[in-house]
Amino acid sequence: MGTAVGPMSLRELLLAAEAGGAAGGEEEVCVVGIFGKTALQLCSEKEALVSTVCDRQVFPLFPEEDPELADGAAGQDGDPATKDYNQLQAYYSQESRVLYLVLTSICDTPQLLRACGDLAAAENREAGPGHPSGGPAPLPHAEAHEFWKHQEKLHCLSLLYLFSVCHILLLVHPTCSFDITYDRVFRALDGLRQKVLPSLKAAIKDCPVGKEWKLNCRPCPPRLLFLFQLNGALKVDPLPSRGQDPCGHLEKPPPKKHSPKRRLQHALEDQIYRIFRKSRVLTNQSINCLFTVPANQAFVYIVAGGPQDGDDPVAMLLDQLRSNCTMREPDSLLAPTLSGPRRYQMMRHGRQQLSFHAESSSSSSSGQLVDCTLKEFLWQHVELVLSKKGFEDSVGRNPQPSHFELPTYQKWVAAALKLYEVTIEGKDDDPTCGELSSKIMSSIKVLEGYLDIDTKFSENRCQKALPMAHSAYQSNLPHNYTMTVHKNQLAQALRVYSQHARGPAFHKYAMQLNEDCYKFWSNGHQLCEERSLTDQHCVHKFHLLPKAGEKPEADRNPPILYHNSRARSTGACNCGRKQAPREDPFDIKAANYDFYQLLEEKCCGKLEHINFPIFQPSTPDPAPARDESSPAPPEGEIEKLKEKEPQTQGESTGLSLALSLGQSTGSLGTYPPDAQGGGDNAESHGQSGDSKSEKRPSLVDRQASTVEYLPGMLHSNCPKGLLPKFSSWSLVKLGPAKAYNFHTGLDQQGFIPGTNYLMPWDIVIRTRTEEEGDLDTNSWPAPNKAVPGKRSAVVMGRGRRRDDIARAFVGFEYEDARGRRFMCSGPDKVMKVMGGGPKESALKALNSDMPLYILSSTQGRGLKPHYAQFMRLFVVVPDAPLQITLTPQVQPGPPPCPIFYPEKQEITLPSDGLWVLRFPYAYVTERGPCFPPKESQQLMSYKVLRGILKAVTQ
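Residues numbered from 1 in each chain as written. Predicted model: local features only at pLDDT ≥ 70, side-chain atom pairs only at ≥ 80, totals over all residues. Heavy atoms only, no water.

1. What about the overall build of the protein?
Along the backbone of the protein there are 24 helices and 29 strands. Across the protein, every contact between residues at least 6 apart in sequence was considered, and the portion connecting residues at least 24 apart equals 76%. Entry remark: accessible area of the protein is about 48400 Å², with carbon and sulfur atoms responsible for 53%. (Helix = DSSP H or I, 4+ residues; strand = E, 2+ residues; numbered from the N terminus. Contact = heavy atoms within 4.5 Å. Areas by Shrake-Rupley, 256 points an atom, 1.4 Å probe, with all protein chains shown as cover.)

Dropping the structure here:
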């Protein structure tokens with residue numbers, strides 16, 4: 001009895017044989033490859049086939065899962081997509097000089113379970129513990145499809161290796177019907193082999209094998225045999241005995257020559273041969289085929305199934321247990337001395353076979369031919385190889401003989417090891433093998449046309465859907481459009497695409513559709529995304545802005561142009577006496593400074609101004625301050641840093657520390673929520689005067705930075721100690737107090753008739769008793785004071801006394817885009833005076849939040865409402881012993897919109913003057929502009945805070 005090598009991994013066997021540690025190196029061997037699919041049944045693995053043929057337990061019944069056994073185990077700890085679940089095991093029977101190669105892949109249950117487990121583990125790793133769904137995210141359909149198709153391609157590479165090193169191949173299938181998908185697999189293998197044949201030739205050119213082997217990269221065209229299992233699908237009842245005749249009244253049919261199993265075998269042979277001939281997998285000349293089938297020998301074998309052969313594992317185990325417990329006496333005497341093959345045969349006593357073991361189905365007395373065993377079926381082909389006769393499987397009129405070579409064990413190992421390194425292992429340390437392996441892996445795309453039918457159909461379907469999606473994207477498009485229109489059209493195109501596209505290529509072509517639409521948009525159809533400060537789009541296509549000293553060039557690509565929304569409005573100058581058309585501004589300087597400076601030269605230049613502080617640079621290249629509006633640190637850290645901060649606020653170190661801390665709280669936080677706008681008693685003025693001492697110092701009380709300037713406007717979230725380069729506010733004196741006529745109102749352009757009046761504001765200067773008032777009746781009143789005798793007495797306690805009252809005038813002017821101007825006497829109340837001046841006092845308006853925007857009194861014909869913006873505050877300060885303080889604060893949006901104010905927060909107006917405070921046209925922060933409202937429901941969030949004027953007697 002000879003020895004055997006294995007079972008072991010093919011890689012280990014090849015390396016051991018190359019090192020010279022294998023027995024039988026000079027013996028000629030026949031190589032048999034086994035591949036196929038297995039069923040979810042006991043003892044249906046392909047390893048049991050080798051045990052049956054060799055008549056010994058070659059492979060263990062319950063093998064341990066060892067990751068190192070898997071070929072391509074280098075990527076076991078990584079992504080499942082990089083793993084190779086194909087496993088090649090080898091067993092060399094030196095007694096019969098046959099080397100068995102068993103391929104296990106994802107077509108087998110153990111490897112399929114391992115692949116599914118790795119995919120589930122990868123999903124759990126990607127989802128993580130904090131996944132919002134509470135569990136692992138399912139693998140996308142396209143990725144799962146790509147994973148399984150990649151494994152199918154790697155399986156084809158392993159099959160290509162078997163077809164290149166084996167003499168005989170045995171295809172195992174768990175059912176009794178032929179799997180038609182093998183026709184597609186074999187055509188794919190044939191195309192792949194023709195593609196990589198030059199690389200395979202280069203790999204074995206130095207191996208000690210014959211010339212024909214080197215030329216065709218195989219010892220011979222391998223012969224393919226098929227093994228099917230019935231597994232109860234076709235059950236043949238035994239013939240009744242002579243004494244039993246259940247159908248005696250019927251005429252017994254004559255016995256047939258072949259058994260039902262043999263007839264099924266012949267039918268499958270005819271079916272397989274016709275399929276392969278019509279698909280041209282088999283041709284007349286065997287030398288050109290991927291494999292051959294014998295013309296005059298059986299190449300299909302069927303393993304009969306039964307209740308004891310794996311259909312019912314419990315019944316089989318009980319029968320085996322019963323047979324072992326009722327062992328006959330001669331057997332029990334021989335049992336201790338048996339070993340090896342006889343012991344394996346003894347273990348199978350009581351059951352006719354396990355899965356692959358064949359039996360004699362009927363006796364010769366019935367007139368039928370006796371079926372051969374599995375070993376006899378296989379051995380008739382093996383003997384042709386060992387006897388060096390070869391396979392003469394070519395058919396036709398002029399059959400050409402095919403090459404055949406029976407190598408020695410060492411020669412076969414030399415060639416098989418080179419092909420293994422190139423096709424399966426992908427060795428990179430050897431430059432030659434690494435280059436050949438990369439060529440083979442690049443040629444694997446040939447398999448896609450054969451194996452990945454789903455993707456091929458999906459790609460064809462998605463390619464047909466792309467033109468329809470492109471048409472949906474380009475429908476009703478202007479020549480130039482914005483990003484918002486692009487996204488809306490793209491969403492419509494994706495909806496059309498999703499209605500027609502199907503399969504794993506859906507995501508790939510959806511990304512291509514996204515790229516195509518973006519290229520179409522960016523190739524001359526992109527509209528400038530810049531919006532003006534009034535929320536109007538620039539009408540130019542994508543362009544660049546001219547640099548300093550550069551002229552606009554519309555012919556360049558991209559063109560160099562200034563922003564333009566083609567929207568024009570009419571505005572008045574700082575004092576309000578002159579109106580002029582203005583372009584829609586895109587930057588704060590053009591909106592709040594440049595337009596008014598142009599009119600300043602024509603109208604307001606000679607008037608008295610109160611200038612606001614602006615940035616005064618001390619370096620030739622000052623830098624804008626960075627946006628430090630990050631969340632403030634905890635209070636404890638702020639206090640610690642304040643202790644380290646220098647006392648002089650104007651020093652650069654203190655400024656840098658304040659900016660680094662993000663201390664954006666302005667002095668507005670100390671203002672009371674209900675500031676007093678004025679009153680008619682001395683107590684209210686006294687309280688307002690006392691509250692001044694409790695306020696924090698404003699920006700003008702601290703030294704401003706001369707290195708960094710504020711790029712936007714001054715508001716409550718700005719860093720301290722910074723000033724802008726220009727002021728967005730303007731305070732102008734139109735003339736003395738008598739320049740305003742109470743009966744005729746303001747004489748300026750653009751006012752709607754009856755709305756150009758200022759509201760009176762009576763301010764109590766001094767309280768007197770009734771007797772003091774009688775003594776003073778003959779005296780002339782002071783300018784802008786009414787006669788005291790005409791005033792109604794104010795009752796204070798028990799005594800009666802008269803008050804000296806000074807009259808100021810206040811006007812809240814609104815201006816719309818068409819240049820129409822009007823005054824408001826209260827929130828959302830347009831002034832309307834028929835003649836003789838307004839009789840409503842200004843106290844209500846001063847003690848209320850006035851809206852920044854209000855619906856214009858004259859609307860157009862369109863549905864879009866026209867808004868008028870609060871632009872000027874007119875104040876007539878009388879020549880009286882009182883002090884009027886101006887503290888404007890504007891919130892141009894709902895919270896958390898900051899509060900805007902001038903560079904000088906508290907402005908004391910000199911007496912005897914008609915003053916005009918011009919508000920900014922646009923409000924801009926470091927993060928962007930505060931756009932005007934679009935819905936009338938939001939108007940109350942845009943407001944000028946109460947307390948804009950305060951009066952204090954001297």
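2. Some points on the environment of C54
Note that C54 resides in helix α2 (residues 47–54). With 41 residues separating them along the chain, C54 and E95 place their C-alpha atoms 9.6 Å apart. In contact with C54, not counting residues within four places along its chain, are Y91 and Y100.

3. Topic: the sheet that holds strand β19 (residues 850–851)
Overall, antiparallel pairing links the three strands, which are arranged β19-β28-β23 in an open sheet. A strand with exactly one partner marks an edge of an open sheet, and here the two such strands are β19 and β23 (890–892). Pairing of β23 with strand β28 (residues 942–944), which is carried by three bridges, proceeds in the antiparallel orientation. Note on β28: the bridge partner recorded for Q891 is K943. (Pairing = 2+ DSSP bridges.)

4. Observations concerning the sheet that holds strand β29 (residues 949–953)
The antiparallel open sheet is built from three strands, whose spatial order is β24-β22-β29. Here the strands that pair on one side only, and so sit at the sheet edges, are β24 (907–909) and β29. Taking the axes of each pair of neighbouring strands and ignoring which way they run, one obtains an average angle of 30 degrees across the sheet. When strand β22 (residues 882–886) meets β24, the two strands line up antiparallel, connected through three bridges. (Axes fitted to C-alpha atoms, helices over the stretch in contact; angles between N-to-C directions.)

5. Considering the pairing of strand β17 (residues 821–826)
Where burial is concerned, most of β17 is hidden: six out of the six residues are buried. Examined bridge by bridge, β17 and strand β18 (residues 829–830) share two bridges and lie antiparallel to one another. The partner of C824 across the bridge, within β18, is V830. Here β17 folds back onto β18, and the loop between the two strands holds two residues, one of which, D828, carries a positive phi near 60 degrees. (Buried < 20%, exposed > 50% of the residue type's maximum accessible area, 1.4 Å probe, protein only.)

6. Brief notes about the nonpolar core
If you look at the biggest cluster of nonpolar residues, it comprises 102 residues, and the most contacted ones within it are F35, F186, F226 and W412. Membership of the second largest hydrophobic core comes to 83 residues, among which are V875, A880, Y942 and V944. (Core = buried A, V, L, I, M, F, W, Y, C linked by side-chain atoms within 4.5 Å.)

7. Here's the deal with the state of the cysteines
Under the definition given, this model contains zero disulfides. Free of any disulfide, C538 has its nearest neighbouring cysteine sulfur in C528, separated by 4.0 Å. (Disulfide = S-S within 2.5 Å.)

8. Looking at empty space enclosed by the protein
Within this structure, the stated rule accounts for 10 cavities of 30 Å³ or more. Roughly 80 Å³ of internal volume is contained in the second largest cavity. In terms of residue class, the lining of the second largest cavity is made up of seven nonpolar, three polar and two charged. (1 Å grid on protein atoms, 1.4 Å probe; cavity = no way out; pocket = protein on both sides within 12 Å on 5 of 7 lines; lining within 4 Å. Points joined across faces, edges and corners; volume = space filled by probe spheres on them. Nonpolar A, V, L, I, M, F, W, Y, C, P; charged D, E, K, R; others polar.)

9. Let's talk about the pattern of salt bridges
Any two side chains of opposite charge can pair, so long as their charged atoms come close to each other. On inspection of all chains with the given rule, the structure shows 18 salt bridges. When the shortest N-O distance is used, the salt bridge between K37 and D179 registers 2.6 Å. With a gap of 142 residues between them, K37 in the loop between β2 (30–36) and α2 and D179 in the loop between β5 (168–173) and α5 (181–203) connect regions that are remote in the sequence. Under the relative-accessibility criterion, D179 is labelled buried at 16%. (Salt bridge = Lys/Arg side-chain N within 4 Å of Asp/Glu carboxyl O.)

10. A few points about helix α7 (residues 260–278)
Under the 1.5 Å per step criterion, the end-to-end length of α7 is 27 Å for 19 residues, consistent within 8% with the ideal 27 Å. Every buried residue belonging to α7 is among K261, R262, Q265, L268, E269, I272 and F276, and all of these are buried. One side of α7 holds all its buried residues, which, seen down the axis, span an arc of 120 degrees. Opposite the buried face of α7, by more than 90 degrees, sit the exposed residues R274 and K278. Next to the buried residues of α7 lie α5, β6 (223–229) and β7 (300–303). Phi turns positive, to about 60 degrees, at R280, one or two residues after α7. (Expected span 1.5 Å × (residues − 1). Arc of directions from axis to C-beta.)

11. Quick notes on the packing of aromatic side chains
In this structure the tally under the stated criterion is 36 aromatic pairs. Note on Y92 and Y409: the rings are 4.8 Å apart at their centroids and 25 degrees apart in plane angle, and the pair reads as stacked. In this pair, Y92 sits in strand β3 (residues 87–93) while Y409 sits in helix α13 (residues 409–425), placing the two residues 317 residues apart along the sequence. The class for Y92 is buried, based on a relative accessible area of 0%. An aromatic cluster is defined as three or more aromatic residues linked by ring pairs; in this entry it consists of F35, F163, F178, Y182, F186, F226, F228, F276, F291 and F299. For R582, the ring lying beneath its charged end belongs to Y921, and the centroid distance is 3.9 Å. Stacked on the ring of Y709, the Lys or Arg K725 has its end atom at 4.4 Å from the ring centre. (Phe/Tyr/Trp six-rings, centres within 6.5 Å; stacked < 30°, edge-to-face > 60°. Lys NZ or Arg CZ within 6 Å of the ring centre and 35° of its normal.)

12. Details of the pairing of strand β4 (residues 98–104)
Along β4, seven of the seven residues are buried, which leaves the element largely enclosed by surrounding structure. Because side chains alternate across β4, one face comprises the buried residues V98, Y100, V102 and T104, and the other comprises L99, L101 and L103, equally buried. Of the pairings in the sheet, the one linking β2 to β4 comprises five bridges and is parallel in character. Note that in β4 the partner of V31 across the bridge is L99. Here β3 runs beside β4; their pairing, made up of seven bridges, is antiparallel. Paired with L88 across the two strands is L103, which belongs to β4. Hairpin connection between β3 and β4: a loop of four residues separates the two successive antiparallel strands, and R97 in this loop has a positive phi of roughly 55 degrees.

13. Points about the environment of E152
Locating E152 in the fold gives a position in helix α4 (residues 141–165). Apart from residues no more than four positions distant in its own chain, E152 is found in contact with I106, R184 and L451.

14. Considerations on the side chain of Q526
With respect to the helices and strands, Q526 occurs in the loop between α18 (506–522) and β8 (568–572). Taking the relative accessible area as the measure of exposure, Q526 reaches 17% and is therefore buried. Among residues more than four places away in sequence, those in contact with Q526 are N480, Y481, W521, K541 and F542.

15. Digging into unusual backbone geometry
With an omega dihedral of 10 degrees, the bond running from P895 to P896 counts as a cis peptide bond. Among the structural elements, P896 can be located in the loop between β23 and β24. Although it is not a glycine, C217 sits at a positive phi angle of roughly 60 degrees. With respect to the helices, strands and loops of the structure, C217 is situated in the loop between α6 (211–216) and β6. The buried category is assigned to C217, whose relative accessible area is 1%. Despite not being glycine, D828 has its phi angle at roughly 60 degrees, a positive value. With respect to the helices, strands and loops of the structure, D828 is situated in the loop between β17 and β18. Assessed through its relative accessible area of 46%, D828 is described here as partly exposed.

16. Overview of helix α1 (residues 10–18)
Every buried residue belonging to α1 is among L10, L13, L14 and A17, and all of these are buried. One side of α1 holds all its buried residues, which, seen down the axis, span an arc of 95 degrees. Phi for G20, located one or two positions after α1, is positive at around 90 degrees.

17. Remarks on the packing of α4 against α13
Relative to each other, α4 and α13 sit at 160 degrees, their axes nearing to 10 Å. One element, α4, and the other, α13, form an angle in the roughly antiparallel class. Crossing hand, α4 versus α13: right-handed. Of the residues in α13, those in contact with L157, S158, Y161, S164 and V165 of α4 are W412, A416, L419, Y420, T423 and I424. The class makeup of the residues in the contact of α4 with α13 is eight nonpolar, three polar and no charged. (Parallel < 35°, antiparallel > 145°, perpendicular 65-115°, else oblique. Left-handed = near helix turned anticlockwise from the far one by under 90°.)

18. Some details on the environment of Y901
Mapped onto the elements, Y901 comes out in the loop between β23 and β24. The exposure class assigned to Y901 is buried, which follows from its relative accessible area of 3%. Measuring from C-alpha to C-alpha, the distance between Y901 and V890 comes to 6.5 Å, with 11 residues separating the pair along the chain. Polar side-chain contacts of Y901 include one of 3.1 Å to the backbone oxygen of H715. (Polar contact = N/O pair within 3.5 Å; in protein donor to acceptor, adjacent residues only side chain to side chain.)

Limitation: the analysis is restricted to geometry and does not speak to function.
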